[in-house]
Amino acid sequence: MSVLTRLKVYGKVLENEPMKKHTTYHIGGNVAYYITPHNETALMCILDILQDEKIPYHVTGRGSNILCDDTDFDGAIINLDGTLNDYFFEPDGTLVAQAGCSIINLSVEAMKRSLSGLEFASGIPGSVGGGLYMNAGAYRSNLSSLLIDVCVLKDGRIEWIKKEDLDYGYRHSAFQEHKDWTILAGRFKLEKAEHDDIRDLMDSRRKRRMDSQPLNMPCAGSVFRNPETIPAWKLIEEMGLRGHQIGGAQVSTKHCNFIVNATGDATASDVRALITMIQAKAKELYDIDLIPEVEQMHW
């Protein structure tokens, strides 16, 4: 029985699929198998098959914070966005959300229930899994500040791991050191608040994002973490790099901490060259080490 035949039992499988179709950067080579599991059980079976066949893999969500290699990947991408997207609100404000859930959608659903805490996330175009992986945040808030625990598939077992055991920090979690752990869901604690206050705050922050960020162009959000002494965008601005371009990749003219696919056919090599150049200049001029926030997916 072929690998493809086995995999198709447990999910939708696309062969030789362009990753540029599945990332907000619109960048990436072809992957041998692009798999959307039917459910958690199917996911576990798919992982067993890939391990049996010694096929490398990566797990993704909505593709909003990743930069894939330009070359083809003779492996598998497992996408959880398509099916693992159930969520549950308990009466006390506890939210349980699967890894594929849209963070923006959850913030809206929380608002409808007069639950506060996710207002900062109303403009983050990622999934719960990706958000927990990188501790996504905005406006001095982040997911770990609401987090109780995470449901994880590790070593063939599903278990809930408390937040305190996952080394959460600024744009960091233990998942970044344990690539073989798969995030299945998160449990969060929200608080009751006035519906109109939550809605107004979300509306104002959405407008601020629309006004200040190049959301009309292919990009992956903020490229660098903010150094302690200066916001990354301001540092890049002071170095005179607004609008600087390498190949099809450009430092956004609207927000300097965004690199956009300005031509529509930028490559990962273009983006990485621009990242490296910015880092080198920041180190030379200010002795600041700029750390990328975008997850770079290497084959």
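Residues numbered from 1 in each chain as written. Predicted model: local features only at pLDDT ≥ 70, side-chain atom pairs only at ≥ 80, totals over all residues. Heavy atoms only, no water.

A. Examining the sheet that holds strand β3 (residues 57–60) more closely. Taken in spatial order, the four strands line up as β1-β2-β5-β3 in an open sheet, and their pairing is mixed. Taken across any chain shown, the strands that pair with only one partner, and hence form the sheet edges, are β1 (11–18) and β3. Strand-to-strand twist across the sheet, computed as the mean angle between neighbouring axes with direction ignored, equals 25°. Here β1 runs beside strand β2 (residues 30–37); their pairing, made up of seven bridges, is antiparallel. (Pairing = 2+ DSSP bridges. Helix = DSSP H or I, 4+ residues; strand = E, 2+ residues; numbered from the N terminus. Axes fitted to C-alpha atoms, helices over the stretch in contact; angles between N-to-C directions.)

B. Structural detail: the environment of Ala266. The residue Ala266 is located in the loop between β18 (258–261) and α7 (268–286) in this model. The class for Ala266 is buried, based on a relative accessible area of 7%. If sequence neighbours within four positions are ignored, Ala266 has contacts with Ile27, Gly248, Ala249 and Asn261. (Buried < 20%, exposed > 50% of the residue type's maximum accessible area, 1.4 Å probe, protein only. Contact = heavy atoms within 4.5 Å.)

C. View of the packing of aromatic side chains. For the structure on display, the rule yields three aromatic pairs. Between Tyr87 and Phe89, the ring centres sit 5.9 Å apart and the planes meet at 75°, which makes this aromatic pair edge-to-face. Here Phe175 and Trp181 contribute two aromatic rings whose centre-to-centre distance is 6.1 Å and whose plane-to-plane angle is 80°, an arrangement assigned as edge-to-face. With respect to burial, Phe175 and Trp181 carry one shared label: buried. Over the ring of Trp160 we find Arg187; its NZ or CZ atom is 4.1 Å from the centre of that ring. (Phe/Tyr/Trp six-rings, centres within 6.5 Å; stacked < 30°, edge-to-face > 60°. Lys NZ or Arg CZ within 6 Å of the ring centre and 35° of its normal.)

D. A look at α7. Under the 1.5 Å per step criterion, the end-to-end length of α7 is 26 Å for 19 residues, consistent within 8% with the ideal 27 Å. The complete set of buried residues in α7 reads Ala268, Asp270, Val271, Arg272, Leu274, Ile275, Ile278 and Ala282. The secondary structure elements touched by the buried residues of α7 are β4 (66–68), α6 (232–238), β16 (245–246), β17 (249–251), β18 and β19 (295–297). Positive backbone phi, at 55°, marks Asp287, one or two positions downstream of α7. (Expected span 1.5 Å × (residues − 1).)

E. Highlighting the side chain of Asp270. The residue Asp270 is located in helix α7 in this model. The side chain of Asp270 is buried and forms no salt bridge, while Lys20, the nearest opposite charge, is found at 10 Å. When residues no more than four places from it in sequence are discounted, the contact partners of Asp270 are Ile246, Gly247, Gly248 and Ala249. (Lys, Arg positive; Asp, Glu negative; His and termini not counted. Salt bridge = Lys/Arg side-chain N within 4 Å of Asp/Glu carboxyl O.)

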